[in-house]
Amino acid sequence: MGLPQGHPHLGLQVLLLTALNCLRPSLSLELVPYTPQITAWDLEGKVTATTFSLEQPRCVFDEHAGTSDRVWLVVAFSNASSGFQNPETLANIPAFPRLLTDGHYMTLALSLDRLPCDDLTVGSRGIPVLRVGHDHDCHQQPFCNPPLPGPGPYRVKFLLMDTRGSPKAETKWSDPITLHQGKTPGSIDTWPGRRSGGMIVITAILSSLTGLLLLAFLAASSARFSSLWWPQEAPEQLRIGSFMGKRYMTHHIPPSEAATLPVGCEPGLDPLPSLSP
């Protein structure tokens, strides 16, 4: 069966209505004047080799969101962000494996009660950031947040969706975000001429101190071993040919009496024989 001959433009009208129905969700989508960005908090590791920390979109969707709506994060390679199409149902939400094939995925679905409009400096529970690529053990879970596979660069945006998966509002795309990458050992410059003056002075001082400590250790070791191999000269009283005796004090004769006894009459000794006839 074909189209009626009396209505040549009926087929064109049907096609136009179909296209309008497909574009209606996109035309009714609200663009929120907000650009996602890396958090301004003074944190270590805001951008690493596999993660980056975003500012939370607090008070961004309050005028458009219902109590059951969710705020999703869209992550895409910078050169693939322009080709991203907002999903129309929950079944069309791209998971993380789509990043390597289509260049984008969605993650971190948050309810509005987790993005309150309170003062972040008073009574806030922790530092309000969204860390992209933080979950290391979620590869088997849907819409998980695993580490990013490369340096990027990446672009992100927030998308507000209802319970059926229909988008209601979105933010602008962020500026390109490039992750840090470690250097290969061969690319590290080790030539001293490109070092700063302070570093050269510190290196020279440490080298001098190391040399002095080594010299002191060698001197102490030499003195120690020389005393073992070459003993010191013996005292005067121990030399050959000399003798220094000690005075013997008797126990049963007072010193005054012992000094007056004639030679040969000491107690306990036999008298010396006389040499006279």
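It should be emphasised that the depicted structure is a prediction, and the values quoted were computed from it without experimental measurement.

> Mind laying out the overall build of the protein chain, listing which residues take part and the relevant values?
Scanning the protein chain from terminus to terminus reveals 4 helices and 7 strands. Out of the 277 residues in the protein chain, the part that is buried amounts to 25%. Counted over contacts in the protein chain with a minimum sequence separation of 6, partners at least 24 positions apart contribute 69%. Surface exposure of the protein chain reaches about 20100 Å², of which carbon and sulfur atoms provide 61%.

> Provide a residue-level description of the environment of Glu88, including the pertinent values.
Along the chain, Glu88 turns up in the loop between strand 3 (70–77) and helix 2 (98–102). By relative accessible area, which is 30% here, Glu88 ends up partly exposed. Along the primary structure Glu88 and Ser166 are separated by 78 residues, whereas in three dimensions their C-alpha atoms are 4.8 Å apart.

> Lay out a nonpolar patch on the surface in plain terms, naming residues and giving numbers.
Residues Val201, Ile202, Ile205, Leu206, Leu209, Leu212, Leu214, Leu215, Phe217 and Leu218 make up a contiguous nonpolar surface patch of about 1000 Å² in total accessible area. Topologically, Leu206 is positioned in helix 3 (residues 197–229). The exposed category is assigned to Leu206, whose relative accessible area is 51%.

> A description of the side chain of Ser78 should follow, citing residues and the corresponding values.
Mapping Ser78 onto the fold places it in the loop between strand 3 and helix 2. A relative accessible area of 19% places Ser78 in the buried class. In terms of polar contacts, Ser78 uses its side chain to reach the side chain of Arg155, at 3.2 Å. Excluding residues that lie within four positions of it along the chain, Ser78 makes contacts with Pro153, Tyr154, Arg155 and Pro176.

> Account for the nonpolar core, naming residues and giving values.
Membership of the largest hydrophobic core comes to 26 residues, with the highest contact counts inside it found for Phe52, Leu54, Phe61, Val132 and Phe158. Of all the secondary-structure elements, those providing two or more residues to this core are strand 2 (52–55), strand 3, strand 4 (104–111), strand 5 (129–132) and strand 6 (154–161). Element by element, the count of residues in this core is highest for strand 6, at 4 residues. What Phe52 contacts, discounting residues up to four positions off in sequence, is Ile38, Lys46, Val47, Leu130, Arg131, Val132, Leu148, Val156, Ile177 and Leu179.

> Got a sec to walk through the side chain of Asp162? Specific residues and values, please.
Here Asp162 is to be found in the loop between strand 6 and strand 7 (167–170). Only 3.1 Å separates the side chain of Asp162 from the backbone nitrogen of Arg164, close enough to count as a polar contact. There is a polar contact of 3.0 Å between the side chain of Asp162 and the backbone nitrogen of Gly165. Not counting residues up to four positions away in its chain, the partners in contact with Asp162 are Asp69 and Lys168.

> Which residues make up the sheet that holds strand 7, and what are the values?
The strand order across the open sheet formed by 5 strands is 1-7-6-3-4, and the pairing between neighbours is mixed. Among the strands making up the open sheet, the edge pair consists of strand 1 (30–31) and strand 4. Examined bridge by bridge, strand 6 and strand 7 share 3 bridges and lie antiparallel to one another. Bridging from a neighbouring strand, Met161 pairs with Pro167 of strand 7.

> Tell me about the confidence of the model for the protein chain, and name the residues and values.
Predicted confidence across the protein chain gives a mean pLDDT of 74, with 61% of residues reaching 70 or more. Within the model, pLDDT remains below 50 along residues 1–27, and this stretch shows 4 contacts once partners closer than five positions in the same chain are excluded.

> Can you tell me about unusual backbone geometry, naming the residues and giving the values?
Keep in mind that most residues, glycine aside, have a negative phi and that most peptide bonds are trans. At the junction of Gly152 and Pro153, the peptide bond is cis and its omega measures out at 5 degrees in the coordinates. Here Pro153 shows up in the loop between strand 5 and strand 6. In this model, Cys59 sits at a positive phi of 65 degrees, which is unusual for a non-glycine residue. Inspection of the secondary structure puts Cys59 in the loop between strand 2 and strand 3. With relative accessibility at 42%, the residue Cys59 sits in the partly exposed group. Positive phi is not limited to glycine here, since Leu108 has a value of about 55 degrees.

> I'd like a description of the packing of aromatic side chains, backed by residues and values.
When we look at a pair of aromatic rings, we describe it by the centre distance and by the angle of the planes. Tallied over the entire structure, the rule returns 5 aromatic pairs. Plain terms: the ring middles of Phe84 and Trp173 are 6.2 Å apart, the flat faces sit at 90 degrees to each other, and that makes the pair edge-to-face. Here Phe84 is found in the loop between strand 3 and helix 2, whereas its partner Trp173 is found in the loop between strand 7 and helix 3, with 89 residues between them in sequence. Since its relative accessible area comes to 8%, Phe84 is described here as buried. Members of the aromatic cluster, joined through ring pairs, are Phe52, Phe77 and Tyr154.

Definitions and limits used
Residues numbered from 1 in each chain as written. Predicted model: local features only at pLDDT ≥ 70, side-chain atom pairs only at ≥ 80, totals over all residues. Heavy atoms only, no water. Helix = DSSP H or I, 4+ residues; strand = E, 2+ residues; numbered from the N terminus. Buried < 20%, exposed > 50% of the residue type's maximum accessible area, 1.4 Å probe, protein only. Contact = heavy atoms within 4.5 Å. Areas by Shrake-Rupley, 256 points an atom, 1.4 Å probe, with all protein chains shown as cover. Patch = residues over 30% accessible without salt bridge, like charges linked within 9 Å, V, L, I, M, F, W, Y side chains within 5 Å. Salt bridge = Lys/Arg side-chain N within 4 Å of Asp/Glu carboxyl O. Polar contact = N/O pair within 3.5 Å; in protein donor to acceptor, adjacent residues only side chain to side chain. Core = buried A, V, L, I, M, F, W, Y, C linked by side-chain atoms within 4.5 Å. Pairing = 2+ DSSP bridges. pLDDT = per-residue confidence, 0-100. Phe/Tyr/Trp six-rings, centres within 6.5 Å; stacked < 30°, edge-to-face > 60°.

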